[in-house]
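The residues making up each chain are set out below.
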Amino acid sequence: MGRLKDVTLVLMITFLYHTMNQMFVPTLPLYITGLGGSEVVVGAIVGLLSLGSIGFKVFFGTLATRRSNVLVLRIGLVIATLVMVLYQPFLGFGFLALVRLLQSVGLAGFVAGAQGLLSDNTRTDNRGFFFGIFAAMIGLGMMVGPLLGSFLAERAGYSVLFWGGMVVVALAMVLSFFVEGKGGLTGVGMGRKYQPHSPWKNRNLLVLSGTMFLSASLMGATSSILTLHANEVGISNPSLFFGLFALTYTISGGISGYLSDRFGRSALIVPGFCLLIAGLLLLSMLNGMTILIVAAILIGVGFGFVNTVLMAMVPGASINAVDASNDLAFFSNAFDLGIVLGSICLSWLAAYSYSLLWIVVALINGLGLLFYRRYNPERFEERKAQV
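None of these values were measured; they are calculated from a predicted model. (Residues numbered from 1 in each chain as written. Predicted model: local features only at pLDDT ≥ 70, side-chain atom pairs only at ≥ 80, totals over all residues. Heavy atoms only, no water.)

(A) A look at the packing of aromatic side chains. On inspection of all chains with the given rule, the structure shows 10 aromatic pairs. Aromatic side chains Phe241 and Phe245 sit 6.4 Å apart centroid to centroid with 15 degrees between the ring planes, which places their arrangement in the stacked category. Residue Phe241 and its partner Phe245 are located together in helix 10 (residues 239–263), separated by four residues, close to a single helical turn. One exposure class covers both Phe241 and Phe245, and it is buried. Centroid distance Phe303 to Phe335: 6.2 Å. Interplanar angle 50 degrees. Geometry classified as tilted. Here Phe303 is found in helix 12 (residues 289–317), whereas its partner Phe335 is found in helix 13 (residues 324–345), with 32 residues between them in sequence. The pair formed by Phe303 and Phe335 is uniform in burial state, with each residue classed as buried. Put simply, the rings of Phe241, Phe245, Tyr249, Phe303 and Phe335 touch in pairs and so form one group of aromatic residues. A cation over a ring is seen here: Arg374 above Tyr375, with NZ or CZ 4.9 Å from the ring centre. (Phe/Tyr/Trp six-rings, centres within 6.5 Å; stacked < 30°, edge-to-face > 60°. Helix = DSSP H or I, 4+ residues; strand = E, 2+ residues; numbered from the N terminus. Buried < 20%, exposed > 50% of the residue type's maximum accessible area, 1.4 Å probe, protein only. Lys NZ or Arg CZ within 6 Å of the ring centre and 35° of its normal.)

(B) Representation of the packing of helix 8 (residues 203–215) against helix 15 (residues 354–374). Here helix 8 crosses helix 15 at 165 degrees, and the two axes come no closer than 8 Å. Relative to helix 15, the element helix 8 lies roughly antiparallel. The hand of the helix 8/helix 15 crossing is left-handed. Across from Leu206, Val207, Leu208, Gly210, Thr211, Leu214 and Ser215 in helix 8, the residues of helix 15 making contact are Ile364, Asn365, Leu367, Gly368, Phe371 and Tyr372. (Axes fitted to C-alpha atoms, helices over the stretch in contact; angles between N-to-C directions. Parallel < 35°, antiparallel > 145°, perpendicular 65-115°, else oblique. Left-handed = near helix turned anticlockwise from the far one by under 90°. Contact = heavy atoms within 4.5 Å.)

Given below as structure tokens:
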């Protein structure tokens, strides 16, 4: 009963956190450009949230292994709530960049704690199912957040948007204090001196993380550039893209977790990549609402398959079961590096050509598909078992 309660609370917290986070996806780029920032400035400030969280996830992943996932979750959510106050005054783009870096600490704690708790409370035979629901909660947040953020920004202004984000994440913080969790390693006889195995020596984890890194570039590109591209071609409500993406991601994420438990993880990843690559190529031809809608659906379904299944594979790839929190943090860092690639590293392409940006991101995802197919962890384990 305790496990089910913890899983339920983690899923609710995940929905609330991602609702807050996604409130800024369609609004922050417009906020920055309205203050005189260029596409490069938009890409840099948006991408700092993911870039800054990378180092902190290493710390929080180790802390979760040595102490507890629930402690890490609470620390992350407290920081995420308090940092919202700093959005209120605009003291220059440098200060806004600092705020994003501070927010990245909260993101790191939330991700390491939430995913670690989910791994703790699931088994190999149902992990895909629960990680699918986890992905669905992220998708619901991605669906509600942009619509709520756009509504608040347009109707009441950016100050109310920032206060609204604080209220949403504060609810998640309160719920975290009802999660019981586990007391770190005390139950497995290793004590707090246990050092997690190095992720860099885990072949299968590197394959999963490398694939995720390449695929996540689309999240960085869409988060920072899609709104600007849509406005250029005369689409007045680009938040519809994020709503449709979230809806289809929610549905496909939930379904793919269950299907991957039954038919294998790879059976969902290959078609997922094909769909999202097709959607990115459509974005390169964006000229109106029809293409925007179709692209959002294709990318949402495809990324729901890819992200959910890869994430569900990580705990099973751990060298030791207690390494799962640390390995999930490593995998999540690969996700964030992909966002940085798509936002900060590729933002200069948007200043030259939006269409070229989407073609490059599609090619990067094509490399992700080829990389996974070449070093498929499931096939590798089958070959090892036959030797």
